[in-house]
Amino acid sequence: MTKHPARDPADTDLTRADSLAREIFAGVANKWALLLINVLADRTLRFTELQRQIGGISHKMLSQTLRHLERDGLVDRTVHPVVPPRVEYRLTEAGRALRATVNGMCAWTRTHLDHIEEARRRFDSARAV
């Protein structure tokens with residue numbers, strides 16, 4: 001087991017703009033990262049399969065988000081030495097652990113969709129007057 005140096009408590013404080021925790025949180029708390037984690041689930045998928053399954057994501061945004069998730073250790077990228085190259089993505093153990101939270105957010109969204117839609121209608125109509 002690798003011994004890690006003592007962590008500065010400021011690094012774990014999400015309320016601090018310069019904390020490592022805030023940086024990590026910002027990276028995974030965006031729609032593309034959440035959707036990728038949800039779509040990958042327990043599967044291994046190629047880039048084009050991911051792009052097909054996530055409507056509206058551009059090639060550039062998919063590349064950037066996958067790179068970020070890989071850098072943070074949430075996604076493994078495997079390049080197979082064939083022509084043309086075959087690249088596959090899958091969640092790491094940390095990514096799978098985060099998936100439980102993402103699934104909860106997805107379930108919450110589905111459960112409260114009607115409530116939020118109605119609240120938006122009320123809000124928008126009150127502002128339109």
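Residues numbered from 1 in each chain as written. Predicted model: local features only at pLDDT ≥ 70, side-chain atom pairs only at ≥ 80, totals over all residues. Heavy atoms only, no water.

Draft legend 1. Here's a closer look at helix α4 (residues 59–71). Between its first and last C-alpha, α4 extends 18 Å over 13 residues, near the 18 Å set by a 1.5 Å rise per residue. Those residues of α4 lying buried are Leu62, Ser63, Thr65, Leu66 and Leu69. Looking at the buried residues of α4, the elements they touch are α1 (20–28), α2 (31–40), α3 (47–53), β2 (75–80) and β3 (86–91). Immediately beyond the C-terminal end of α4, within one or two residues, lies Gly73, with a positive phi of roughly 80°. (Helix = DSSP H or I, 4+ residues; strand = E, 2+ residues; numbered from the N terminus. Expected span 1.5 Å × (residues − 1). Buried < 20%, exposed > 50% of the residue type's maximum accessible area, 1.4 Å probe, protein only. Contact = heavy atoms within 4.5 Å.)

Draft legend 2. Representation of the environment of Ile54. Take Ile54: it is sitting in the loop between α3 and α4. Among the residues examined, Ile54 registers a relative accessible area of 4% and is labelled buried.

Draft legend 3. Representation of the sheet that holds strand β1 (residues 45–46) in the model. Overall, antiparallel pairing links the 3 strands, which are arranged β1-β3-β2 in an open sheet. Two strands bound the open sheet, and with one partner strand each, they are β1 and β2. As judged from the 2 bridges shared by β1 and β3, these two strands associate in the antiparallel manner. Across the sheet, Arg46 pairs through a bridge with Glu88, a residue of β3. Sitting on the sheet, α2 is in contact with β1, β2 and β3, with an inclination near 95° to β3. (Pairing = 2+ DSSP bridges. Axes fitted to C-alpha atoms, helices over the stretch in contact; angles between N-to-C directions.)

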